[in-house]
Amino acid sequence: MKKILVTGGLGFIGSHTVVELQNEGFEVLLIDDLSNSSESVLDGITSITGKKPTFTKLDLKERSSVENFFKQHEDISGVIHFAASKAVGESVEKPLLYYENNLNTLIYILKEVIGLKDSNIIFSSSCTVYGQAEKMPITEQAPTQPAESPYGNTKQIGEEIIKDTCRASVHLKAIALRYFNPIGAHSSAKIGELPIGVPQNLVPFITQTAAGLRDCLSVFGDDYPTKDGTCIRDYIHVVDLAKAHVIALKRLLNKDNTSNFETFNIGTGVGSSVLEVIKSFENVSGKSLNYKIAPRREGDVISAFADTEKANTKLGWKAQSSLDDAMRSAWKWEQKIRNL
Ligand code: UD1
């Protein structure tokens, strides 16, 4: 049984990926510093898979702790590195915190991974690296644009750091997955997204509004040059996204990769407007959502959806769930955690 380290494994995408790894027979070592997650997520994972991953509370900013951890686990076959801070607004206020949290930790992890017999790493990147791309759908060849925020910059610089390290250490194999907009929850409603405070992202704001925690959703702008004036995004079910990590990992383990640093877009290929997301929520929940049109949000791109050809053909991965499926699971999860 191959041993896989998942950093940030109690977070939204991390926890769903741990489930899929365990379902595929991998042994999971899970690290999390609990800064934006709860240890109770372990119970959800255990209840779904019937197996408790080995959890270590560890702050990846502590270099010596990272070194010690890897000394104890020299037989790790691959690392899936999720641990990072992800609040765009906060990153503008506290850039150094973001560079330290997201880049120092990546460097410490890479230093250890290149010392392993099996040097395989999957990195959480983001479609944010493309900024407002000129052409839709966005292919992996689209040029990256100057980042809008320190958070976005950490994803771009993170990719560069890995690429340079792959060039220098040819035994290191890495895949950066560029996520579009992950939403939804596990169909069991035993794990899902747990935003702290007021959600900044659309879908948790919708479900919290419907659950009565928020009065009204603000739709940020309806005068964009799009089909209905609202922004377009590619919303990907978190379970589909989690499966993409397992497939990417297997690609490295089976040595199917064609270069030692690869990037893949992980999205559905379908662009949905904010109003279409609201409509989907209303359809699957049978509830009418209280929303109003508000001014545009600074930093928002007009449209971003993935060209999934490379992921479909080279990686052999394709999103299975529709927007409705994802919204249904997000609502089921919200109802569960609010005891509705
Ligand atoms: C945001 C981040 C992005 C990050 C991603 C992580 C910004 C500008 N971008 O992406 O860097 O990688 O989250 O998931 O924060 N919307 C509303 N009302 C709301 C919330 C959102 O209308 O209350 C709209 C937004 O204008 C956007 C769409 O919904 O058009 C999706 O927004 P969001 O969920 O925040 O994702 P992104 O902005 O795409």
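Further up the page is the structure itself.
Chemist: Mind showing me how you'd approach unusual backbone geometry here?
Modeler: Comment: phi is negative for the bulk of residues other than glycine, and the bulk of peptide bonds are trans. Note the cis peptide between methionine 136 and proline 137, where omega equals -15°. Mapped onto the fold, proline 137 is located in the loop between strand 5 (120-126) and helix 6 (150-168). Here the phi dihedral of alanine 189 falls at roughly 60°; this positive angle occurs in a residue that is not glycine. Secondary-structure assignment places alanine 189 in the loop between strand 7 (181-183) and helix 7 (202-210). On the accessibility criterion, alanine 189 (3% relative accessible area) is buried. Even without a glycine there, the phi angle at lysine 255 is positive, about 55°. Positionally, lysine 255 belongs in the loop between helix 8 (238-253) and strand 11 (261-266).

Chemist: I would appreciate a short explanation of the state of the cysteines in the present structure.
Modeler: Every disulfide links exactly two cysteines, by a covalent bond between their sulfur atoms. This model, assessed by the stated rule, comprises 0 disulfides. Its sulfur unpaired, cysteine 231 is 12 Å from the next cysteine sulfur, which belongs to cysteine 127.

Chemist: Help me understand the packing of aromatic side chains, please; the structure alone is not making it clear to me.
Modeler: What characterises a pair of aromatic rings is the spacing of the ring centres plus the angle enclosed by the ring planes. Evaluated as defined, the whole model comprises 2 aromatic pairs. Between phenylalanine 69 and phenylalanine 70 the ring centres are 6.0 Å apart and the planes differ by 75°, which places this aromatic pair in the edge-to-face class. One exposure class covers both phenylalanine 69 and phenylalanine 70, and it is buried. A ring pair is formed by phenylalanine 281 and tryptophan 331, whose centres lie 5.3 Å apart and whose planes are at 85°; its orientation type is edge-to-face.

Chemist: Can you walk me through the side chain of histidine 245 in this structure?
Modeler: Positionally, histidine 245 belongs in helix 8. Side-chain polar atoms of histidine 245 contact the side chain of tyrosine 179, separated by 2.6 Å. Within the structure, histidine 245 has its side chain in polar contact with the backbone oxygen of leucine 241 (distance 2.8 Å).

Chemist: What is the right way to read the environment of asparagine 101 from this model?
Modeler: With respect to the element layout, asparagine 101 can be found in helix 5 (residues 95-113). With relative accessibility at 13%, the residue asparagine 101 sits in the buried group. Each C-alpha atom, one on asparagine 101 and one on glutamate 159, is 15 Å from the other, the two residues being 58 residues apart in sequence. When near neighbours in sequence (up to four residues on either side) are disregarded, asparagine 101 contacts Lys61 and Ser85. Within the local environment of asparagine 101, its side chain forms a polar contact with the side chain of lysine 61, the two groups lying 3.4 Å apart.

Chemist: Is there a simple way to explain the pairing of strand 8 (residues 217-220) in this structure?
Modeler: Burial along strand 8 is one-sided: the residues Leu217 and Val219 are buried and none of Ser218 and Phe220 is. Where strand 8 lies against strand 13 (residues 291-294), 4 bridges are found, and the strand directions are parallel. Opposite valine 219, over in strand 13, you have isoleucine 293 as the bridge partner.

Chemist: Explain the packing of helix 1 (residues 12-23) against helix 2 (residues 41-49) to me, please; I cannot follow it from the model alone.
Modeler: Any two packed helices are characterised by the angle at which their axes cross and by the distance between the axes. Here helix 1 crosses helix 2 at 30°, and the two axes come no closer than 10 Å. Judged by the inter-axis angle, helix 1 sits roughly parallel to helix 2. Pair helix 1 / helix 2 crosses with right-handed handedness. Between helix 1, through Ser15, Val18, Val19, Gln22 and Asn23, and helix 2, the contact on the second element is made entirely by Val41, Ile45, Ile48 and Thr49.

Chemist: How should the sheet that holds strand 5 be read in this particular structure?
Modeler: Sheet strands pair via backbone hydrogen bonds, and the direction of the pair is either parallel or antiparallel. Strand order in the open sheet formed by 7 strands is 3-2-1-4-5-6-11, and the pairing between neighbours is parallel. Strands at the two margins of the open sheet, each flanked by one partner only, are strand 3 (54-57) and strand 11. On average, each strand axis in the sheet is tilted by 20° relative to the strand beside it, whichever way the strands run. With 7 bridges connecting them, strand 5 and strand 6 (residues 173-179) associate as parallel partners. Across the sheet, isoleucine 122 pairs through a bridge with isoleucine 175, a residue of strand 6. On the sheet, helix 6 packs against strand 5, strand 6 and strand 11 and is oriented at approximately 150° with respect to strand 5.

Chemist: Looking at this structure, how should I read the site of the ligand?
Modeler: Neighbouring the ligand are 18 residues, the closest being Leu202, Ser218, Arg233, Arg297 and Asp300. The separation between an oxygen atom of the ligand and a polar side-chain atom of asparagine 201 is 3.0 Å. Residues that form the shell around the ligand fall into these classes: 9 nonpolar, 6 polar and 3 charged. Each of domain 1 (3-183 + 236-266) and domain 2 (202-233 + 269-337) contributes no fewer than three residues to the shell around the ligand.

Criteria and cut-off values
Sequence order sets the numbering: in each chain, residues are counted from 1 along the sequence as written. With the structure being a predicted model, the display of local features is reserved for residues of pLDDT at least 70 and the display and counting of side-chain atom pairs for 80 or more, all residues being used for whole-chain, interface and lining totals. Each side-chain value is derived from all of the structure's non-hydrogen atoms; neither hydrogens nor water enter the calculation. Comment: elements are numbered from the N terminus, with helices defined as DSSP H or I runs of at least four residues and strands as E runs of at least two. Only protein chains enter the accessibility calculation, which uses a 1.4 Å probe; a residue is then buried when its area is under 20% of its type maximum, exposed when over 50%, and partly exposed in between. Two cysteine sulfur atoms form a disulfide, by the criterion used here, when they sit within 2.5 Å. Aromatic rings from Phe, Tyr and Trp, with only the six-membered ring used for Trp, were paired whenever their centres fell within 6.5 Å, and each pair was classed as stacked if the ring planes differed by under 30 degrees, edge-to-face if by over 60, and tilted otherwise. By the criterion applied in these results, polar contacts are pairs of N or O atoms within 3.5 Å in which, for protein atoms, one can donate a hydrogen and the other can accept it, and in which residues neighboring in sequence qualify only through two side-chain atoms. Should any heavy atoms of two residues lie within 4.5 Å, those residues are considered in contact. Being paired, for any two strands, means DSSP has found at least two bridges between them. Note on method: axes are straight lines fitted to C-alpha atoms, helices fitted across the in-contact stretch only, with angles between N-to-C directions ranging 0 to 180 degrees. Oblique is the label for any angle not covered by the other classes, which are roughly parallel (under 35 degrees), roughly antiparallel (over 145) and roughly perpendicular (65 to 115). Left-handed describes a crossing whose near helix is turned anticlockwise from the far helix by less than a right angle; the clockwise case is right-handed. Throughout, the term near means that a residue has one or more heavy atoms lying within 4 Å of the molecule or strand in question. In this count, Pro and Cys sit with the nonpolar residues alongside Ala, Val, Leu, Ile, Met, Phe, Trp and Tyr, while Asp, Glu, Lys and Arg are called charged and the others, Gly among them, polar. Per the annotation, domain bounds derive from an automatic or database assignment of domains.

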